[in-house]
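Listed here are the chains, written in short residue letters.
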Amino acid sequence: MQIIHRVSEMQRWSDAQRQAGKKVAFVPTMGFLHEGHLSLVRAAKQAGDVVVVSIFVNPMQFNQQSDFAAYPRDDEQDRRLLSELGTDVLFNPDASEMYPDGYQTAVEVEKVSQPLCGAHRPGHFRGVTTVVAKLFNMVKPHAALFGEKDFQQCVVIKRMVTDLNFDLEIVAMPTVREADGLAMSSRNARLSPAQRQTSLCIAGALNTAQQLVGQGERRAATILRAVRDTISGQDGTRLEYASLCDPDTLEEVEKVTRPTLLAIAAWVGEVRLIDNRVIG
Ligand code: PAF
C-alpha cells in the first residue's frame, strides 16, 4: 500500500490511473477504522480497479473543539487494516495543506443540511461538504462510498454532487452493526461497558418503531412517542432528536404511508450517538 501525504502527488497518481483506463474507487474516512469502514473498502474493491482511502480528521466539521480533540486516533492499526485489505493508496493529507494560511472557501448545501444533525451541530455539514469537495478534487475518483449510518451526510453529499456537477458516482452502503444491533461507530470506543449496554436502547427504539408500523400504526407522533419512551426510559441517556422524515428531502412527515427515514441522535453519558432506519 502506498501512503501519500501531498495533494499534488495524489492528483498525479489518480491522473495516471485514469489515463491507464483504471476506475478509481474512493472511501473518505477520519480514521480509527472499524468494520463499518472496512465493509466500505471491500465494496470499493468491487466498485473500482484501484482503491484510495483517505484519513483526515477534519477540524472544520467539528462544532466543538473538545470533540475534535477527543476524536480517537490509531494510525498504526488503520494502516495495518487497510494494507491487509489490499488498499492501493492511503491518502493522509496534512491539515496545513488542506487548510493553508489564507484559506477562505466553503461549500454549503442549503436545505438538506438544516434539519436533524444540522440543527444541532451548526456548521457541521458545511465542514463536511467543504472537505469532501476538496477530497474529490484531490483524489479524482470515479466512485465514492459512504455509510448509511450517516444517512443525512449521504443525502447532503449526493445533493452537492448533483448541484456542482461532480463527475462521479456516490454509493451509499448499509449500516454495519455489532451482533447485538449497536451501529458501528468510532465513538463507541468512548462508551464504558455499562454505557455500551445502555446504548442498545437506540437500536431498540428503531425496532420498536418498525414493529409499530408493521402493526399498522401510521401516526408519526405516536411512533415518535414510543421512540422517546424507549430511549428516555434508560438512565444516563438524553435524546437529542428523533425524526420521521422523507428519505430524499429530509422533510418531516405526519404519517408513515411510504418508506420513511427514522433518524435518531442521543447522548449516552458524554458520547453522542446517531442511528437510523428506513421504516414503512
Ligand atoms: O463520515 C466521515 O467520516 C466524515 O464526515 C468524512 C466523510 C470523512 C468527511 O470528513
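Only a predicted model underlies this, so the values are computations on that prediction, with no experimental measurement involved.

*Asks:* What is the right way to read the site of the ligand from this model?
*Replies:* Around the ligand lies a shell formed by Pro28, Thr29, Met30, Gln61, Val131, Val132, Phe146, Asp150 and Gln153. When isolated, the ligand has an accessible area of 290 Å², and the protein chains bury 90% of it. A majority-of-atoms criterion places the ligand in the largest cavity. Those elements that provide at least two residues to the shell around the ligand are strand S2 (24–29) and helix H7 (124–139). The residue makeup of the shell around the ligand, split by class, is five nonpolar, three polar and one charged.

*Asks:* Got a minute to help me understand the nonpolar core in this structure?
*Replies:* Soluble globular proteins tend to bury their nonpolar side chains together. With 46 residues, the main nonpolar core has Val52, Phe91 and Phe136 as its most contacted residues. Here this core gets nine residues from one element, more than from any other, and that element is H7. Core analysis: the next-biggest nonpolar cluster, separate from the first, contains 24 residues, Ala205, Leu244, Leu262 and Leu273 among them.

*Asks:* Just checking my understanding: could you explain the sheet that holds strand S8 (residues 260–268) for this structure?
*Replies:* Through backbone hydrogen bonds, the strands of a sheet pair up, either in parallel or in antiparallel fashion. Across the sheet, three strands lie side by side as S7-S8-S9; this open sheet has antiparallel pairing. Of all strands in the sheet, those bounded by a partner on one side alone are strand S7 (237–245) and strand S9 (271–279). Taken pair by pair, the neighbouring strands of this sheet meet at an average axis angle of 15°, ignoring direction. Note: S8 against S9, nine bridges, orientation antiparallel. Its bridge partner lying in S9, alanine 266 is registered against leucine 273. Sitting on the sheet, helix H11 (residues 220–232) is in contact with S7 and S8, with an inclination near 160° to S7.

Calculation rules
- Residues numbered from 1 in each chain as written.
- Predicted model: local features only at pLDDT ≥ 70, side-chain atom pairs only at ≥ 80, totals over all residues.
- Heavy atoms only, no water.
- Near = heavy atom within 4 Å.
- Areas by Shrake-Rupley, 256 points an atom, 1.4 Å probe, with all protein chains shown as cover.
- 1 Å grid on protein atoms, 1.4 Å probe; cavity = no way out; pocket = protein on both sides within 12 Å on 5 of 7 lines; lining within 4 Å.
- Sits in = over half its atoms within 2 Å of the grid points.
- Helix = DSSP H or I, 4+ residues; strand = E, 2+ residues; numbered from the N terminus.
- Nonpolar A, V, L, I, M, F, W, Y, C, P; charged D, E, K, R; others polar.
- Core = buried A, V, L, I, M, F, W, Y, C linked by side-chain atoms within 4.5 Å.
- Buried < 20%, exposed > 50% of the residue type's maximum accessible area, 1.4 Å probe, protein only.
- Pairing = 2+ DSSP bridges.
- Axes fitted to C-alpha atoms, helices over the stretch in contact; angles between N-to-C directions.
- Contact = heavy atoms within 4.5 Å.

Purely geometric stuff here, so don't read any function into it on its own.
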